[in-house]
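Examining the three-dimensional arrangement
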Amino acid sequence: MNEVQEHDNSMSDENEDVSFDKPADSTEHGENLKALVKQLVKEREYEGVALLFTSANEAPRNVALLREISIDLYNDVCKDYLTEEVYEQDPELYICAEELLKTMAVHAPPESLLMELLELVEENMFERVFNSALRAMQVILLRLGDRKAMSLEFTLNSIWTRLAMLPEPEYLYVGYDEKEKQLLEQDEDVQNILMHYITLDLFYQPLIADICAKPRSEKEIFRNCKYGKRRNIMCCFLVDVMGNPFSLLDLSNKVESKTNTYSLQCARSLVHGVIKCVPDPYFFLSFVETKSKWKSKAKKNDGLTEQRDGNIFLNEDDLPLENLAIFYYLVIAEGIGASHVPRVYNPMYVCEMTIYLAQQLLGEKFPALHDKALKLVDKSLDNLGNRKIPSADLDLEIHKAFCKSLCHLVGFSSQTHIRQHGIKVLRKYILSFDDEGKYLILKNLMATVNHQGLCGYLGTIYKDLVAEALQSSSAPLPTSFTGQDFRTIFLQNICKLPQGVETDLIENSDKIISTLNALRFFALKDAENRTGFWSFTKDIEKRYLTPLRKGLDLSEAHYKGELKKVQEGRDTPIDMEQLKMLDIAVQNDTTGAGLDFQLSRDKKLELLNQNLCTFDLIRSLLGRVCECFDNAPKEETMKSNVLNT
């Protein structure tokens, strides 16, 4: 320390008459200061380095020189020592370099130093270096303020690039169930992701406070959507970092839970940060439909370019639609920041926009996003209350796409809890329409869905709707539940064997059982023929019941023959085609790789007997339906019901 003071005093005595305004002398003193810092670091006099910029006598002069030597000092000292190796082997040296960087952030030319720090953030993956760089960049950006809004954008882009490079556990992409969800934050990679987001929160909070320090009128908030505005840039960044991998974490906001996950805490911070910049959380909904349509056009024509009129919120690079969907999932489904939503919004409008967003998430390949899409739509439909979506809205292409995606999820998702939730959301979605809308959705889905179990479920929904209408009053039924509409959906969709007599009855057993139950129900409950059911029972017998009976006879004979072979030991090793015949579901396995085909004789017998029991159930239901048809009510007991055939 004495050497440092003597050196400093000699510099002061030698140059007390020298003007620091002269460029030549300034350069010389700057070089001397740089050499002194390097020498002190070499001699491990870290406290001496700090005194150069904190002591009352030396700080003013040395700080003034930083403008000229800051970049050289950064490259010669800070950059070399801000590394993981130095932090682990010589933490005092690391802290010295870190403190020197803080000093330069306050006094050095901001733009030049910021560029160096952006490179450091993108190239060095050590978490402590990320923290050190963010602290310095925060100071620089606060110094720049509104003068250099693009510097904020460059900085945030580099930070997002760094976050995207973090290692991610594979199971986030494969999906997880409710039990696995509770262990997510025990994973080291997940902890690393969350630590970066917690550090990020400390970085952007002072910036948001600075950005929002100057109040704006409501008119300015909702009209100023252009580039080059710090508020808009920060909004887009906060929404953007809600994307993968953060969006794949469990972000549930459970009211009954007494503790909050780190994931939820980070999510709350991000949402509230957006709300501070744009007080109305639903502000971005006005861009959702436009962005969806432009994105759809872009998929059809990769060379398509659209005019954005300088609106940053319409640019997919600045505000990705899938990340915006996560923001609204947090606001609507999890209720984060919901108290800030103005009550002027029509729930019907909000629901329509959330369907666009949910469709975006359903189009992704990650089960965690599918789960969030279901929760988003589920909550939006609840918010409709007693309102019914008009059937005219089905002219919008989004409803067709959403139904297709939702049905595929229900039939083929690898996660059981998602399939179960999906079927509930599908039912709620269908029932949210008016009578004509319900009919049109059910009719079109039953005609297009390939999953026979789901087709049977859709038929059951229609049956329940008609049953409810029959019980509600003695007034004429809605046209969607009677007459030509009723006849069409039964003959063309519900009472339909895909391959006639050759239909695989095991594969289609769920739908067949659902259909037979529906036929028996209307035969028993609609004695007055209010639906027009009894007007086309002969067509049902000809087109459905007779082929079903013949197919049942053939299938039973075939399976009984297979059963006899197994019992007598004349069976061959089972292959994939036989597995399909026996109705063994091989989930997520299209090749059979890794599957043990050498089933025991007892297992084969069990499977064959199970399928024969299914045939017995179908035959029993078929007999009851035929019995009901044979005991058809007399014509005089039926009410007049004109069919437009």
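Look above for the structure.
Here we summarise the structure given alongside this text. Since the structure is predicted, the reported quantities are computational estimates derived from the model, not experimental observations. (Residues numbered from 1 in each chain as written. Predicted model: local features only at pLDDT ≥ 70, side-chain atom pairs only at ≥ 80, totals over all residues. Heavy atoms only, no water.)

All right, on to the nonpolar core then. In terms of nonpolar packing, the biggest core is built from 201 residues, with Met-234, Phe-284, Phe-490 and Leu-516 touching the most fellow members. Of the residues forming this core, the biggest block, 11 residues, is contributed by helix α28 (residues 601-630). Excluding its chain neighbours within four sequence positions, the residues that come into contact with Phe-284 are Cys-235, Val-274, Val-278, Phe-313, Leu-319, Leu-324, Phe-327 and Tyr-328. (Core = buried A, V, L, I, M, F, W, Y, C linked by side-chain atoms within 4.5 Å. Buried < 20%, exposed > 50% of the residue type's maximum accessible area, 1.4 Å probe, protein only. Helix = DSSP H or I, 4+ residues; strand = E, 2+ residues; numbered from the N terminus. Contact = heavy atoms within 4.5 Å.)

The next point concerns the environment of Leu-409. Assignment of secondary structure puts Leu-409 in helix α20 (residues 397-412). Residues Leu-409 and Pro-367 lie 42 residues apart in sequence; the distance between their C-alpha atoms is 9.4 Å. For Leu-409, the contacting residues outside a window of four places in its chain are Leu-362, His-370, Leu-374, Ile-418 and Arg-419.

This part takes up the pattern of salt bridges. Inspection of the entire model under this criterion finds 21 salt bridges. For Asp-76, the salt bridge identified is with Lys-38, shortest N-O distance 3.7 Å. On the criterion of sequence distance, the pair formed by Asp-76 in helix α4 (residues 59-81) and Lys-38 in helix α2 (residues 23-42) is long-range, its members being 38 residues apart. Judged by its relative accessible area of 30%, Asp-76 is partly exposed. On the accessibility criterion, Lys-38 (39% relative accessible area) is partly exposed. Lys-181 serves as the salt-bridge partner of Glu-178, at 3.1 Å between the closest nitrogen and oxygen. Pair noted here: Glu-178 and Lys-181 are both in helix α11 (residues 178-181), with a separation of 3 residues, about one helical turn. For Lys-181, a relative accessible area of 9% puts it in the buried group. Through salt bridges with shared partners, a single ionic network connects Glu-31, Lys-34 and Asp-72. (Salt bridge = Lys/Arg side-chain N within 4 Å of Asp/Glu carboxyl O.)

Where helix α18 (residues 347-362) meets α20, the axes come as close as 10 Å, and the angle between the chain directions of the two elements is 45°. Considered as vectors, α18 and α20 are oriented oblique to each other. For the pair α18 and α20, the crossing hand works out as left-handed. In contact with Ile-355, Tyr-356, Ala-358, Gln-359 and Leu-362 of α18, α20 contributes Ile-398, His-399, Ala-401, Phe-402, Ser-405, Leu-406 and Leu-409. (Axes fitted to C-alpha atoms, helices over the stretch in contact; angles between N-to-C directions. Parallel < 35°, antiparallel > 145°, perpendicular 65-115°, else oblique. Left-handed = near helix turned anticlockwise from the far one by under 90°.)

What follows deals with the state of the cysteines. Throughout the structure, instances matching the rule amount to 0 disulfides. The closest cysteine sulfur to the non-disulfide-bonded Cys-212 is located on Cys-277, 4.4 Å from its own sulfur. Overall, the relative accessible area of 25% leaves Cys-212 in the partly exposed class. (Disulfide = S-S within 2.5 Å.)

Another point: helix α21 (residues 416-431). Under the 1.5 Å per step criterion, the end-to-end length of α21 is 23 Å for 16 residues, consistent within 8% with the ideal 22 Å. Every buried residue belonging to α21 is among Ile-418, His-421, Gly-422, Ile-423, Val-425, Leu-426, Tyr-429 and Ile-430, and all of these are buried. Those residues of α21 that are buried lie in contact with α18, α19 (367-382), α20, α22 (435-448) and α23 (452-472). (Expected span 1.5 Å × (residues − 1).)

Cis geometry marks the peptide bond from Asn-244 to Pro-245; its omega dihedral reads 5°. Mapped onto the secondary structure, Pro-245 falls in the loop between α14 (230-240) and α15 (262-277). Unusually for a residue other than glycine, Arg-44 sits at a positive phi of about 60°. Within the secondary structure, Arg-44 is located in the loop between α2 and α3 (46-52). Residue Arg-44 is classed as partly exposed on the basis of its relative accessible area of 45%.

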